[in-house]
Amino acid sequence: MMKLKTALTTVALAGSIAAVSTPAMARDTINIVGSSTVYPFATVVAERFGRNTDFPTPKLESTGSGGGLKLFCEGVGTQHPDITNASRRMKPSEFERCQSNGVKEITEVRIGADGIVIANSKDAAKVDFSLEQIFLALAKEVPDPNGGDKLVPNPYEKWSDIDSSLPNKAISVMGPPPTSGTRDAFVEIAMQGGCKQYDFIKKMDKSDMKSVCHSMREDGPFIEAGENDNLIVQRLAQDSGTYGIFGYSFLMENSGQIQAVTINGVEPTPEAISSEEYPVARSLWFYIKKAHVGVVPGIEEYVAEFTSEGAWGDNGYLVDVGLIPSPRNERMEIAKRAKELQPMTGKEL
């Protein structure tokens, strides 16, 4: 039976690869790239998939959401990824890039929700930050503390410089690089949320406002830690004065060492994230390259596993590693679209 399956797969691969524009060597392992936040969820699914089916365990690479979408959109052919994970939705510009490179049919799957947390060592005091305080601590330019509707290079060195109720410690925050979906979501939700507390910034041209709200300081207090969230956790465990930015699932995985700050007085709990009461919540996604289905074996079956109630349902195994499930009726509709490999139109974005 296995020999027959292998032979049929080889024939399918040969025929399908001949049909794509870019020549490539056939492969029998699903290639997945993308978000470091989605990576733990996808890894759990991939390991179960490899264990419980006749297909090889998919190969996963944590490249960040932006990096994964760039690789995904480079073209069709087995030298390119089959699936990319993202901790933010695909941008219209990325969809257009895919289209221009021949990646015409893409199926979008919303996995569930996640919160972006700011955490510190359990040995440190618990604190509450407002979105405005987060912006003032981490932005490249901030409103002049002496008054007036003008921006100045960020002068704040200690948290207590921003508000005397905050710790009298140097601002030190580790976070993801610009290629990360976590970084994208953090600046769009947390930084912009704090930035918009200032009327003169809200009145700016949209591109100018985005430049102000999304630009992180480069003078030391904000430290880019790459795509490896585990490095941030290790640093926090050793340094009680440093904070880290990452997805809620990493907080769950490392709850013995670190704790989350509250933001605007709200604790990041599954209920608060799902209801969007928590101020820094976001959706998680993956994208399927339909042209590779039937070329690389197992893609449909992997997607079926990921979108099964046993995986992403209210009592699914992904909940145990920190996923916040979508409402049941939404899951059912998304699973149906994923099974049918319904292509995006671009109008959703």
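Model, not experiment: these values are computed from the prediction. (Residues numbered from 1 in each chain as written. Predicted model: local features only at pLDDT ≥ 70, side-chain atom pairs only at ≥ 80, totals over all residues. Heavy atoms only, no water.)

Draft legend 1. Fine view of the packing of aromatic side chains. Under the definition given, this model contains 9 aromatic pairs. On the basis of an interplanar angle of 5° and a centroid distance of 5.6 Å, the ring pair of phenylalanine 49 and phenylalanine 55 is categorised as stacked. Geometrically, the ring pair formed by phenylalanine 246 and phenylalanine 250 is tilted, given 6.5 Å between the ring centres and 50° between the ring planes. Note on phenylalanine 250: relative accessible area 6%, which makes it buried. Taken together, Phe49, Phe55, Phe286, Tyr302 and Phe306 form an aromatic cluster joined through their ring pairs. A cation over a ring is seen here: arginine 48 above tyrosine 317, with NZ or CZ 3.8 Å from the ring centre. (Phe/Tyr/Trp six-rings, centres within 6.5 Å; stacked < 30°, edge-to-face > 60°. Buried < 20%, exposed > 50% of the residue type's maximum accessible area, 1.4 Å probe, protein only. Lys NZ or Arg CZ within 6 Å of the ring centre and 35° of its normal.)

Draft legend 2. The arrangement of the packing of helix H7 (residues 181-195) against helix H9 (residues 206-214) in detail. Orientation of H7 relative to H9, taken along the N-to-C sense of each, is 100°, at an axis distance of 9 Å. It follows from the interaxial angle that H7 and H9 lie roughly perpendicular. Residues Val187, Glu188, Met191, Gln192 and Cys195 of H7 lie in contact with H9, whose contacting residues are Met209, Val212, Cys213 and His214. By residue class, the composition of the contact of H7 with H9 is 6 nonpolar, 2 polar and 1 charged. (Axes fitted to C-alpha atoms, helices over the stretch in contact; angles between N-to-C directions. Helix = DSSP H or I, 4+ residues; strand = E, 2+ residues; numbered from the N terminus. Parallel < 35°, antiparallel > 145°, perpendicular 65-115°, else oblique. Contact = heavy atoms within 4.5 Å. Nonpolar A, V, L, I, M, F, W, Y, C, P; charged D, E, K, R; others polar.)

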